[in-house]
Amino acid sequence: DDVKIGQRVIALGSPAGLEFTVTEGIVSSQRTEDGHEYIQTDVPINPGNSGGPLVDANGNVIGINTKKLSAFESLGFAITSNEAENVADPIIEKDRAEIAAS
């Protein structure tokens with residue numbers, strides 16, 4: 001909720017199979033596309049970063065690295081952690097209910 005344009009962020013992932021890689025950048029903007037909220041960053045996002053966390057300087061996960069625009073340098077996007085939570089929570093609750101029922 002407190003993401004600010006210009007704040008420093010770090011992307012964690014395994015681009016090209018290089019485990020535990022860290023890249024740094026800033027939040028460039030916040031965007032809504034097809035009803036989903038994204039954090040736009042200038043962090044280099046490469047294959048292997050997708051699905052990894054985007055964290056703030058305090059280590060809080062603020063997004064999940066999702067995509068980049070390949071025709072441009074350092075134009076990456078992370079789905080917001082709030083958006084990810086909205087998707088994950090119903091799945092987790094369903095699984096808990098199924099486990100409790102069995």
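Residues numbered from 1 in each chain as written. Predicted model: local features only at pLDDT ≥ 70, side-chain atom pairs only at ≥ 80, totals over all residues. Heavy atoms only, no water.

> Please clarify how the overall build of the chain should be interpreted in this entry.
Along its length, the chain carries one helix and six strands. Its helices and strands taken in sequence order, the chain reads β-β-β-β-β-β-α from the N to the C terminus. Across its three principal axes, the chain shows a C-alpha extent of roughly 50 × 30 × 30 Å. Residues counted as buried form 29% of the 102 residues belonging to the chain. Within the chain, residue pairs in contact and separated by at least 24 positions form 40% of the contacts whose partners lie at least 6 positions apart. Of the roughly 6600 Å² of accessible surface on the chain, a fraction of 54% belongs to carbon and sulfur atoms. (Helix = DSSP H or I, 4+ residues; strand = E, 2+ residues; numbered from the N terminus. Buried < 20%, exposed > 50% of the residue type's maximum accessible area, 1.4 Å probe, protein only. Contact = heavy atoms within 4.5 Å. Areas by Shrake-Rupley, 256 points an atom, 1.4 Å probe, with all protein chains shown as cover.)

> I would appreciate a short explanation of the side chain of Thr-23 in the present structure.
Tracing the backbone through its elements, the reader meets Thr-23 in strand E2 (residues 21-33). Non-local contacts of Thr-23, meaning those with residues more than four positions away in its chain, are made with Val-9, Ile-10, Ala-11, Val-43 and Pro-44.

> Would you mind showing me how to read the sheet that holds E2 here?
The strands making up a sheet are joined through hydrogen bonds of the backbone, oriented either antiparallel or parallel. If you walk around this closed barrel you meet the six strands as E1-E2-E3-E6-E5-E4, and the pairing is antiparallel. Between one strand and the next, the sheet's axes are offset by a mean angle of 45°, whatever the strand orientation. Strand direction decides the pairing type here: strand E3 (residues 36-41) and strand E6 (residues 76-80), joined by four bridges, are antiparallel. Residue pairing in the sheet places Ile-39 in a bridge with Ala-78 of E6. With respect to the sheet, helix H1 (residues 81-101) is in contact with E3, strand E5 (61-68) and E6, its orientation differing from that of E6 by roughly 50°. (Pairing = 2+ DSSP bridges. Axes fitted to C-alpha atoms, helices over the stretch in contact; angles between N-to-C directions.)

> Whenever I open this one, the pairing of E6 confuses me. Can you help?
Consecutive residues of a regular strand have side chains that alternate between opposite faces of the sheet. Where burial is concerned, most of E6 is hidden: five out of the five residues are buried. As paired elements, E5 and E6 share five bridges and run antiparallel to each other. What sits directly across from Lys-68, in E6, is Gly-76.

> I tried to follow the pattern of salt bridges on my own but got confused; where do I start?
Scanning the entire structure with this criterion turns up four salt bridges. Residue Lys-67 is joined to Glu-33 by a salt bridge in which the shortest nitrogen-to-oxygen separation is 2.8 Å. Here the residue Lys-67 occupies a position in strand E5, and Glu-33 occupies one in strand E2, the gap between them amounting to 34 residues. Notably, a salt bridge pairs Glu-98 with Lys-94, separated by 3.6 Å at the nearest N-O pair. You can see Glu-98 and its partner Lys-94 sitting in helix H1, four residues apart, about one turn around the helix. Judged by relative accessible area, which is 45%, Glu-98 ranks as partly exposed. (Salt bridge = Lys/Arg side-chain N within 4 Å of Asp/Glu carboxyl O.)

> I tried to follow the pairing of E3 on my own but got confused; where do I start?
The pairing of E2 with E3 spans six bridges and is classified as antiparallel. Opposite Ser-29, over in E3, you have Gln-40 as the bridge partner. What sits between E2 and E3 in their antiparallel hairpin is a turn of two residues, with Asp-34 showing a positive phi close to 50°.

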